[in-house]
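One letter stands for each residue in the lines below.
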Amino acid sequence: MKKNLKTATLCVQAGWNPKNGESRIVPIVQSTTFKYDNTEEMADLFDLKKEGYFYTRLQNPTNDAVASKIAALEGGVGAVLTSSGQAANFYAVFNICEAGDHIVTSNEIYGGTYNLFGVTLKKLGIECTFINPDAPEEEIDAAFRPNTKLLFGETISNPGCKVLDIEKFARIAHRHGVPLVVDNTFPTPVNCRPFEWGADIVTHSTTKYMDGHATQVGGCVVDSGHFDWEANASRFPGLCTPDESYHGLTYTKAFGKMAYMTKLVAQLMRDLGSIPSPHNAFLLNLGLETLHLRMPRHCENAQRVAEFLHADSRVAWVNYSGLEDNPHHQLAQKYLPNGSCGVIAFGLKGTRDTAVRFMDSLRLISIVTHVADARTCVLHPASHTHRQLSDQQLREAGIAPDLIRLSVGIEDVEDILDDIRQALEQIG
């Protein structure tokens, strides 16, 4: 396929280039295994000497076609689909970390990721230090240790909707000889491509805007191919020293810019197996084909709703980077000039019960444990997605007890506003 295609064209056509007489649409290869004519051919696949398919836990043509589309959209050298966004973030970290290692991460991240890094990874012997992403560089520098392996952040935080200063984070990470990993779920590559600002690895919960219709759970890890693992070889022995489980093969020497992605498949998918089904990948691809059309509508609707909430006397605060008086507006203008996403964080005057009464009064807008699809939905993180966190942990993660996360869909914005208006009237 022609290079340097525009985003809209990549959304529709990247990843699958059918040959004469082949399916025009990405086919669902719903098979666990693949046939070969002789033993040597399969042996070469197991030894990573050749590329090909032999078992879907490692690779599948449908999954790979969709992963290739996402890599093209992000401008990466390669990508791998996972069974969820949580699996993507775990794989991105665990691919270069092991017991005794340490990571530094923004505290403005999704509650599930916060728990993954702060609790579950700790059980595996990987320590995590949470930092305020808006802190001065020297303060973030102080969190790094000799055994630190990466810096992590979210382009737009879930649920706080704060914008990450990607260039600042990249500068700090590279100063310490580690990659910057960015979860780009909310803006998607339609509105931001973190690699262009210095990030090294990008993750996604493809369950969200990429799918766009709440039909499949999935994730993706994308590598820019820019980070020089060999220049920091002592810090990353898993990539830069022989892997005895593959006859002493060294990933950086054998696969160059694809070292990180190859190791992720050859080791983590081999041993942990967090793969999506080919059918889920097919559904994801249908969503990707309209991503460039949906994201502008999400942003347009969210801007209108944010402005409405901002002007209502019953609303205590609104956090949406599209508002000119928002603390992150300038960062949004820099990194997200075409719009951020459809998610708004806001709080109502009153108590936590006020937020609950407002949400229970909504008719068109649904209360769901989901975000970022075609339908407008709402959630109270302190009661739902982040309820495992203490009040202190909630504050450390930038989540107020009254925070309402509103995910604005692509319905007619006047209908969305009417529903919010009537629900506000129920609380006085």
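Our subject is the structure listed above.
Small disclaimer: the values here were computed from a predicted structure and weren't measured.

Can you walk me through unusual backbone geometry in this structure?
Here Asn 158 and Pro 159 are connected by a cis peptide whose omega angle stands at 15°. Among the structural elements, Pro 159 can be located in the loop between β4 (148-154) and α7 (166-175). If you check the backbone angles, Thr 188 has positive phi at about 60° while not being a glycine. Looking at the secondary structure, you find Thr 188 in helix α8 (residues 188-191). Accessibility expressed as a relative area gives 0% for Thr 188, which makes it buried. A positive phi is found at Ala 214, a non-glycine position, where the angle reads about 55°. Within the secondary structure, Ala 214 sits in the loop between β6 (201-205) and β7 (219-223).

Looking at this structure, I do not really get the nonpolar core. What am I missing?
Across soluble globular proteins, you tend to see nonpolar side chains buried next to one another. In terms of nonpolar packing, the biggest core is built from 97 residues, with Ile 103, Phe 117, Leu 180, Trp 229 and Tyr 260 touching the most fellow members. Ranked by residues supplied to this core, first place goes to helix α11 (residues 259-271) with 8 residues. Apart from residues no more than four positions distant in its own chain, Ile 103 is found in contact with Val 93, Cys 97, Phe 117, Leu 121, Ile 126, Glu 127, Cys 128, Thr 129, Thr 148 and Leu 150.

Would you mind showing me how to read the pattern of salt bridges here?
Side chains that carry opposite charge are capable of pairing whenever their charged atoms lie near each other. Applying the stated criterion across every chain, the model contains 14 salt bridges. Linking Arg 193 and Glu 196 is a salt bridge whose minimum nitrogen-to-oxygen distance equals 2.9 Å. Overall, Arg 193 belongs to the partly exposed group, its relative accessible area being 24%. Relative accessible area serves as the criterion here: at 55%, Glu 196 is assigned to the exposed category. In this structure, Asp 418 and Arg 421 form a salt bridge, with 2.7 Å as the shortest nitrogen-oxygen distance. Of this pair, Asp 418 and Arg 421 both sit in helix α17 (residues 413-426), 3 residues apart, which is roughly one turn of that helix.

Looking at this structure, I do not really get the packing of helix α3 (residues 61-74) against helix α12 (residues 278-288). What am I missing?
Helix packing geometry: the angle between the two helix axes and the distance between the axes. Interaxial distance between α3 and α12 falls to 8 Å at its minimum, and their mutual angle equals 35°. Where α3 crosses over α12, the handedness of that crossing is left-handed. Contacts between α3 and α12 involve Thr 62, Asn 63, Val 66, Lys 69, Ile 70 and Leu 73 on the former and, on the latter, Pro 278, Ala 281, Phe 282, Leu 284, Asn 285 and Leu 288. Taken together, the residues of the contact of α3 with α12 break down into 8 nonpolar, 3 polar and 1 charged.

Criteria and thresholds
Numbers given to residues run from 1 along each chain, matching the order in which its sequence is written. In keeping with the model being predicted, local features are shown solely for residues with a pLDDT of at least 70 and side-chain atom pairs are shown and tallied solely at 80 or more, while totals for entire chains, interfaces and linings include all residues. Calculated side-chain values reflect all of the structure's heavy atoms, with hydrogen atoms and water omitted. Secondary structure is summarised from DSSP: a helix means a run of H or I of at least four residues, a strand means a run of E of at least two, and numbering begins at the N terminus for each. Three exposure classes are used, based on accessible area relative to the maximum for each residue type with a 1.4 Å probe and protein chains only: buried under 20%, partly exposed in between, and exposed over 50%. The set of buried Ala, Val, Leu, Ile, Met, Phe, Trp, Tyr and Cys residues whose side-chain atoms join them within 4.5 Å is what this entry labels a nonpolar core. Contacts between residues were defined by any pair of non-hydrogen atoms, one from each residue, lying within 4.5 Å. Salt bridges, as used here, are contacts in which a Lys or Arg side-chain nitrogen is within 4 Å of a carboxyl oxygen on Asp or Glu. All axes here are fitted lines through C-alpha atoms, helices being fitted over the stretch that makes contact, and every angle between N-to-C directions spans 0 to 180 degrees. By definition, any crossing whose near helix is turned counterclockwise from its far helix by less than a right angle is left-handed, and any crossing with a clockwise turn is right-handed. In this classification, Asp, Glu, Lys and Arg are treated as charged, Ala, Val, Leu, Ile, Met, Phe, Trp, Tyr, Cys and Pro as nonpolar, and every other residue, Gly included, as polar.

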